[in-house]
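# What the coordinates show
The lines below spell out each chain.
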Amino acid sequence: MMTLEKFEEASELVKKVTNPTKLIYSEYLSAQTGAKVYLKPENMQHTGAYKIRGAYYKISTLTDEERSRGLITASAGNHAQGVAFAAKQFGCKATIVMPTVTPLIKVNRTKSFGADVVLHGDVYDDAYAYACKLAEENGYTFVHPFNDLDVATGQGTIAMEIVQELPTVDYILAPIGGGGLITGVSTLAKMLNPKIKVVGVEPSEAASMTAALKAGEPVELPSANTIADGTAVKEVGDKVVPYVKENVDDILLVDDDELIGAFLDMVENHKMIVENSGLLSVAALKQMDIKGKKVVCVLSGGNMDVITMSSIVQHGLIQRDRIFSVSVLLPDKPGELARVAQTVADVQGNIIKLEHNQFVSTNRNAAVELRITMEAFGTDHKKKILDTLDKAGFRPKLISAKLY
């Protein structure tokens with residue numbers, strides 16, 4: 001059972017290992033939605049995610065004998081770091097099984113906390129099956145990332161802090177992967193104030209909780225293919241589903257494309273790095289009518305490798321028409337390239353890459369191809385640049401934009 005007493009106990013215990021993640025008021029998101037939107041920045045924890053809460057509280061409930069056998073878990077990265085960090089605090093050994101596609105930063109940081117890391121499988125579920133096998137073979141104590149009520153209780157301490165800081169909160173939005181976070185947050189929020197609406201958010205391509213609620217029990221999805229790797233779970237926990245059914249008011253689904261835009265917004269308007277899973281709560285705001293309400297979005301983590309980050313930024317700029325490419329055909333004679341560049345400059349376009357292909361036609365005097373990649377302020381500015389090029393006789397043809 002999840003009780004108020006256990007939540008209170010967990011809330012005091014986790015203070016030993018967590019940073020105080022005070023709510024951040026978002027002027028940008030508030031203006032976008034007409035609500036008062038606050039961010040709960042769990043990406044600022046020691047381990048880069050909220051998972052330290054559940055891991056530390058769970059390990060605190062184990063006996064000395066259970067801890068002495070060594071701990072094991074499976075994780076896409078954030079729970080891994082939480083268990084590794086917490087195990088170090090308790091002086092016990094930890095083995096973490098992670099999917100082979102886990103971002104390098106999560107693997108290296110998990111190792112830095114003293115844990116042994118084993119890479120296995122393509123998704124969390126593969127890693128989990130292998131971790132169970134190792135636990136049985138070696139007698140390790142398994143610390144489940146989400147299908148454990150003590151773990152969920154630890155994660156729920158987020159709700160305690162939100163309500164203490166913003167007692168009149170109307171909505172709390174939190175990501176859903178396996179279900180531990182949303183279970184803890186929603187259960188405690190309803191205990192503290194039944195009027196609080198709790199909304200869970202899943203990636204569209206890994207909507208395992210939505211499927212479970214529809215079926216009345218956990219079901220395994222055929223795949224969980226999403227850029228939100230921290231919530232790429234094919235099957236949620238059976239222990240948490242009843243709590244979600246009782247306490248979560250709604251579950252929204254978010255496409256990967258929406259996460260790309262949310263990442264760009266977070267970097268530019270809030271100067272924060274938040275991983276794709278952590279942005280589910282922010283991306284879902286567009287689907288809600290929350291005018292005049294006080295809303296808290298839980299940013300569950302910020303563990304993203306630099307390569308993924310650069311790819312997301314590039315796709316986000318292209319998605320919002322701030323980077324685009326065109327192909328124009330020019331006669332191969334001096335001055336044509338300068339004429340194109342001046343035409344773009346006249347409307348404040350910024351050329352960032354040029355590719356000149358003299359072999360597009362056998363008659364170079366008739367036409368050579370110039371591929372131009374440009375920076376614009378957005379969709380309206382892009383259209384103005386295209387119209388200006390067209391009026392100058394260049395007849396631009398939009399092509400796929402690439403910054404490499």
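Small disclaimer: the values here were computed from a predicted structure and weren't measured.

## Structural notes on the sheet that holds strand 11 (residues 323–330)
On the basis of which strands lie adjacent, the open sheet formed by four strands has the order 12-13-11-14 and antiparallel pairing. Either end of the sheet is taken by a strand with one partner, and the two such strands are strand 12 (350–357) and strand 14 (397–399). Taking each pair of neighbouring strands and ignoring which way they run, the sheet shows an average axis angle of 30°. Where strand 11 meets strand 13 (residues 368–375), eight bridges bridge the pair, whose relative direction is antiparallel. Looking at the pairing, valine 328 lines up with leucine 370 of strand 13.

## Considerations on unusual backbone geometry
Residues other than glycine predominantly adopt negative phi, and peptide bonds predominantly adopt the trans conformation. If you check the backbone angles, aspartate 321 has positive phi at about 60° while not being a glycine. Summarising the element assignment, aspartate 321 is placed in the loop between helix 15 (306–319) and strand 11. Exposure remark for aspartate 321: the relative accessible area of 15% places this residue in the buried category. One non-glycine residue, glutamine 348, adopts positive backbone phi at about 60°.

## A word on a nonpolar patch on the surface
Nonpolar side chains collect at one region of the surface, where Leu4, Met191 and Leu192 lie side by side and expose about 200 Å² of accessible area between them. Assignment of secondary structure puts leucine 192 in helix 10 (residues 180–192). Judged by relative accessible area, leucine 192 falls into the partly exposed class, the value being 32%.

## Side note on the sheet that holds strand 9 (residues 250–254)
Taken together, the six strands give an open sheet; going across it, the order is 1-2-10-7-8-9, and neighbouring strands pair in mixed fashion. Both edges of this open sheet fall to strand 1 (24–25) and strand 9, since each of them pairs with a single strand only. Pairing analysis gives two bridges linking strand 1 to strand 2 (residues 36–41), with the strands arranged antiparallel. What sits directly across from tyrosine 25, in strand 2, is tyrosine 38. Where helix 13 (residues 256–270) meets the sheet, it contacts strand 2, strand 9 and strand 10 (294–299), and its direction lies at approximately 90° from that of strand 9.

## Considering the layout of surface pockets
Approximately 370 Å³ is the volume found for the largest pocket. Lining the largest pocket are 22 residues, and of these Val101, Pro103, Thr226, Ile227 and Asp229 lie nearest its centre. Broken down by class, the residue content of the lining of the largest pocket amounts to eleven nonpolar, seven polar and four charged.

## Looking at the side chain of serine 281
Topologically, serine 281 is positioned in helix 14 (residues 280–283). At 2.9 Å, the side chain of serine 281 and the backbone oxygen of valine 298 are in polar contact. Sequence-distant contacts of serine 281, defined by excluding residues within four places in its chain, comprise Leu173, Ala174, Val201, Cys297, Val298 and Leu299.

About the criteria used
Residues numbered from 1 in each chain as written. Predicted model: local features only at pLDDT ≥ 70, side-chain atom pairs only at ≥ 80, totals over all residues. Heavy atoms only, no water. Pairing = 2+ DSSP bridges. Helix = DSSP H or I, 4+ residues; strand = E, 2+ residues; numbered from the N terminus. Axes fitted to C-alpha atoms, helices over the stretch in contact; angles between N-to-C directions. Buried < 20%, exposed > 50% of the residue type's maximum accessible area, 1.4 Å probe, protein only. Patch = residues over 30% accessible without salt bridge, like charges linked within 9 Å, V, L, I, M, F, W, Y side chains within 5 Å. Areas by Shrake-Rupley, 256 points an atom, 1.4 Å probe, with all protein chains shown as cover. Salt bridge = Lys/Arg side-chain N within 4 Å of Asp/Glu carboxyl O. Contact = heavy atoms within 4.5 Å. 1 Å grid on protein atoms, 1.4 Å probe; cavity = no way out; pocket = protein on both sides within 12 Å on 5 of 7 lines; lining within 4 Å. Points joined across faces, edges and corners; volume = space filled by probe spheres on them. Nonpolar A, V, L, I, M, F, W, Y, C, P; charged D, E, K, R; others polar. Polar contact = N/O pair within 3.5 Å; in protein donor to acceptor, adjacent residues only side chain to side chain.

Interpretation note: all reported values are geometric properties and have no functional meaning in isolation.
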